[in-house]
Amino acid sequence: MTQERKLIVLDVDSTLTQDEGIDLLAQYVSAEAAQQVETITARAMAGELDFAASLTARVEALAGLSLADVAAATARVRLSVGAQVLIDCAHAAGHLVGAVSGGFHEMIDPLASELGLDMHRANRFETRDGRLTGRVDGPIVDARTKEETLRKWAEASGIPMGNTVAVGDGGNDVLMLAAAGLGIAYMAKPVTRDAADRAIDTPDLSLVLDEVGIPRV
Ligand SMILES: [Mg+2]
């Protein structure tokens, strides 16, 4: 029997990819900045800090970085094991796969095109003369935005919320995991596991296929 069409929405940092993109970027500023940003990211993902405020502080630490640095950091992002398998098998079964991220379009756009994602949304760096100003361009994609984006994509695709799947690891994924028909915590922080219907504790994103009941092709 064919499944009804589903919408699978993935978080990016530490879910679709093994890294936190902003931590990789901060390494191009200085060792001190990298340490500082990494500490804030870890606390934000554990749900200990307000995401938007913590993101503002981290992006400030990146002021002056060139877009060439952003491209170099992007090239170092490692996809999660099983990411392409998940997307290809979901597509083969007629489902849609999107990614919504509190990270940045500048780093995620190349991944989205490489992986063949159907839709993606993230923050944007404000830039001037080829360098980051240290500010976010436009409203910040936070936990609430992630949930709203899931709902918006489901509606636009004619897929009932009951047929949506959200996958994430961090504190800013809690609302979208709770809103989805099936919320899956992936290698997740405790706060995220508590909000999820299921948890995957093995670093292989293709295990989402088994949780959703999508055949491997
Ligand atoms: Mg994450």
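Our subject is the structure that appears above.
Residues numbered from 1 in each chain as written. Predicted model: local features only at pLDDT ≥ 70, side-chain atom pairs only at ≥ 80, totals over all residues.

**Side note on the sheet that holds strand β2 (residues 96–104)**
Ordered by their spatial adjacency, seven strands build an open sheet running β4-β3-β2-β1-β5-β6-β7, and the pairing between neighbours is mixed. Of all strands in the sheet, those bounded by a partner on one side alone are β4 (131–137) and β7 (198–200). Strand-to-strand twist in this sheet, taken as the mean axis angle between neighbours without regard to direction, amounts to 25°. Both β2 and strand β3 (residues 119–128) contribute to a ladder of four bridges, which runs parallel. Its bridge partner being in β3, Val100 is matched across the sheet by Arg121. (Pairing = 2+ DSSP bridges. Helix = DSSP H or I, 4+ residues; strand = E, 2+ residues; numbered from the N terminus. Axes fitted to C-alpha atoms, helices over the stretch in contact; angles between N-to-C directions.)

**A look at the pairing of β3**
Remark: the β2/helix α7 (residues 105–115)/β3 crossover connection has right-handed handedness. Pairing between β3 and β4: four bridges, direction antiparallel. The residue of β4 that forms the bridge with Arg128 is Arg131. Turn length for the β3-β4 hairpin, with the two strands adjacent in sequence and antiparallel, is two residues, and the turn residue Asp129 shows positive phi of about 50°. (Right-handed = clockwise from strand over helix to strand, strands pointing away.)

**Structural notes on helix α4 (residues 51–60)**
Turning to α4, its buried residues number three or more, namely Phe51, Ala52, Ser54, Leu55, Arg58 and Val59. In an axial view of α4, the angular spread of the buried residues amounts to 160°, which keeps them on one side of the axis. If you follow the buried residues of α4, they end up packed against α2 (21–26), α3 (31–45), β2, β4 and α8 (143–157). (Buried ≥ 20, exposed ≤ 12 C-beta atoms within 10 Å, placed from the backbone. Arc of directions from axis to C-beta. Contact = placed C-beta atoms within 7 Å.)

**Quick notes on helix α6 (residues 83–92)**
Turning to α6, its buried residues number three or more, namely Ala83, Leu86, Ile87, Cys89 and Ala90. In the stretch just after α6, Gly94 is the one whose phi turns positive, near 90°.

**Let's talk about the packing of helix α5 (residues 67–75) against α7**
One way to put it is that α5 packs onto α7 with a least axis distance of 9 Å and a crossing angle of 45°. Accordingly, the angle class assigned to the pair α5 and α7 is oblique. The way α5 lies across α7 gives a crossing that is right-handed. Contacts between α5 and α7 involve Val70, Ala73 and Thr74 from the former and Glu106, Met107 and Pro110 from the latter. Its residues placed into classes, the contact of α5 with α7 shows four nonpolar, one polar and one charged. (Parallel < 35°, antiparallel > 145°, perpendicular 65-115°, else oblique. Left-handed = near helix turned anticlockwise from the far one by under 90°. Nonpolar A, V, L, I, M, F, W, Y, C, P; charged D, E, K, R; others polar.)

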